[in-house]
Amino acid sequence: MPAALRDSFGRVADDLRISVTDRCNFRCVYCMPAEGLRWLAREDILRFEEIHRLTRIFVQRYGVRTIRLTGGEPLVRVRIEELVAMLNALDPSLDITMTTNGVLLRQKAKLLREAGLKRVNVSLDTLHADRFAEIARRDAFARTMDGLAAAEEAGLRPLKLNLVVMRGVNDDEVLDFARLARERGYEVRFIEYMPLDGQGRWNSDLVVPNRRLQEQIEDLFPLVPAQEGKAAPAQSFKFADGAPGGVGFISSVSDAFCSSCNRLRLSAEGGLRTCLFSMRETPLRDLMRQGASDDSLARVIEAAVWQKEEGGALHISDSSYQAPAKSMSQIGG
Ligand code: SAM
Ligand code: SF4
């Protein structure tokens, strides 16, 4: 019987986000600098066997049920579907999901589905091709939309869309995304812009508090809370009139969800992070490569989780706030 992985504030960590690469084929303005980010060396990145081993410990010892593959862009990691199959073999009922920019889904969606991926979250910040090119710094709107279609065709449903809302950039598209959710049955998640952009562009004027977006949507399409049982980082809603799809809000800046945070992150080089805003990482890769047993890895993991921060994000609005040295693409969002 697995033991719950608890921190000193009583929260249970059962959602593991694994960054499989720090590399990306986009350069989104809110995430990466246009150029100059140094990639990790190939040998510094966890091998599939190492990711599998750590995941096995989290799943079998601690009952972790949700595994999200992310990055960087997870689909640029060669043969990523093989990793999905390895993780799925641990327990086919695991909720294995992926966050992707979607541009390679036409090539990969079917393979991923066959390997055991349950769902994808596709990041899509605008429905205008020209704006897309400005935000992602890549002219790839049509291919991304085709990737969404490929995911649906492959049965990776319900499809979730993530968008980072930035004032004066894409905040005029909120209702268009709500309409899209209703028309296509998508779950659209609005994410507040966090100061993790790797180049210091973030400033609080660019953040649109999610409650404003929710009010805008509710004026046109009343919402009812989705029945998800427990408190969770994303607040999810369905449409009161019974239309398909739904919307969710991840309010990391205006209303930090730290008290209900069930997430852990494993960086591409095997560092365990207990919070997006952590100033420290617990390196697991070198322990594994030095021959550590599962028991000793488990002790290190338990100690790291016990020390999970009470609420890093709460301090974003403080003048003393200090962003972690890593950007979102390096941490694994
Ligand atoms: N490349 C994949 C993608 O874009 O979906 C996965 C990695 S990306 C870092 C994961 C998520 O983090 C994306 O949904 C992205 O929009 C979000 N993200 C990146 N930088 C962010 C920031 N500064 N604030 C809020 N969300 C951010
Ligand atoms: Fe790449 Fe995703 Fe960051 Fe965009 S948000 S630069 S797609 S890692």
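Residues numbered from 1 in each chain as written. Chains lettered and ligands numbered in written order. Predicted model: local features only at pLDDT ≥ 70, side-chain atom pairs only at ≥ 80, totals over all residues. Heavy atoms only, no water.

A. Looking closely at the overall build of the protein. Looking only at helices and strands, one finds 10 helices and 12 strands in the protein. Taking 333 residues into account, the globule formula puts the C-alpha radius of gyration at 20 Å, and the protein, at 19 Å, falls close to it. Based on the C-alpha atoms only, the size of the protein along its principal axes is roughly 55 × 45 × 45 Å. Counting over 333 residues, the protein shows a buried share of 57%. Within the protein, counting contacts between residues at least 6 apart in sequence, those at least 24 apart form 74% of the total. (Helix = DSSP H or I, 4+ residues; strand = E, 2+ residues; numbered from the N terminus. Rg over C-alpha atoms; globule rule 2.2 N^0.38 Å. Buried < 20%, exposed > 50% of the residue type's maximum accessible area, 1.4 Å probe, protein only. Contact = heavy atoms within 4.5 Å.)

B. Region of the structure containing the site of ligand 1. Around ligand 1, a shell composed of 18 residues is seen, among which Tyr30, Gly72, Glu73, Ser123 and Met194 lie nearest. Between an oxygen atom of ligand 1 and a main-chain N or O atom of Thr100, the distance comes to 3.3 Å. Within the complex, the protein chains bury 96% of what would otherwise be the 550 Å² of accessible surface of ligand 1. Those elements giving two or more residues to the shell around ligand 1 turn out to be strand S3 (95–100), strand S5 (160–165) and strand S6 (187–192). Across the shell around ligand 1, the residue classes break down as 7 nonpolar, 9 polar and 2 charged. (Near = heavy atom within 4 Å. Polar contact = N/O pair within 3.5 Å; in protein donor to acceptor, adjacent residues only side chain to side chain. Areas by Shrake-Rupley, 256 points an atom, 1.4 Å probe, with all protein chains shown as cover. Nonpolar A, V, L, I, M, F, W, Y, C, P; charged D, E, K, R; others polar.)

C. Examining helix H9 (residues 294–306) more closely. Over its 13 residues, H9 extends 18 Å from the first C-alpha to the last, a length consistent with the 18 Å expected when each residue adds 1.5 Å. Burial in H9 covers these residues: Asp294, Leu297, Ala298, Ile301, Ala304 and Val305. Buried residues of H9, viewed axially, fall in a sector of 130°; they line one side. On its buried face, H9 sits against helix H1 (48–62), strand S10 (263–266), strand S11 (271–273), strand S12 (282–283) and helix H8 (285–289). (Expected span 1.5 Å × (residues − 1). Arc of directions from axis to C-beta.)

D. Layout of the sheet that holds strand S7 (residues 223–225). With respect to topology, 12 strands assemble into an open sheet ordered S7-S8-S9-S6-S5-S4-S3-S2-S1-S10-S11-S12, the strand pairing being mixed. The open sheet has two edge strands, S7 and S12, and neither has a second partner. For S11 and S12, the ladder comprises 2 bridges, and the chain directions are antiparallel. Bridge assignment links Leu272 to a residue of S12, and that residue is Thr282. (Pairing = 2+ DSSP bridges.)

E. Up close: the side chain of Ser278. Inspection of the secondary structure puts Ser278 in the loop between S11 and S12. Judged by relative accessible area, which is 2%, Ser278 ranks as buried. Among the polar contacts listed, one links the side chain of Ser278 to the side chain of Glu309, at a separation of 2.7 Å.

F. Focus on the packing of aromatic side chains. All chains considered together, the criterion is met by 6 aromatic pairs. Ring centres of Phe190 and Phe249 lie 5.6 Å apart, and the angle between their planes is 20°; on these two criteria the pair is classed as stacked. Residue Phe190 is found in strand S6, and its partner Phe249 is found in strand S9 (residues 246–250); the two are separated by 59 residues along the sequence. On the accessibility criterion, Phe249 (1% relative accessible area) is buried. (Phe/Tyr/Trp six-rings, centres within 6.5 Å; stacked < 30°, edge-to-face > 60°.)

G. Molecular detail of the pairing of S10. Residues of S10 alternate between two faces, with Arg263 and Arg265 on one and Leu264 and Leu266 on the opposite face, all of them buried. Two elements, strand S1 (residues 15–19) and S10, share 4 bridges in a ladder whose sense is parallel. The residue of S10 that forms the bridge with Ile18 is Leu266. Where S10 lies against S11, 2 bridges are found, and the strand directions are antiparallel. Pairing of Leu266 across the sheet is with Leu272, part of S11. With antiparallel pairing between neighbouring strands as the criterion, S10 and S11 make up a hairpin whose turn holds 4 residues, including Gly270 at a positive phi of roughly 85°.

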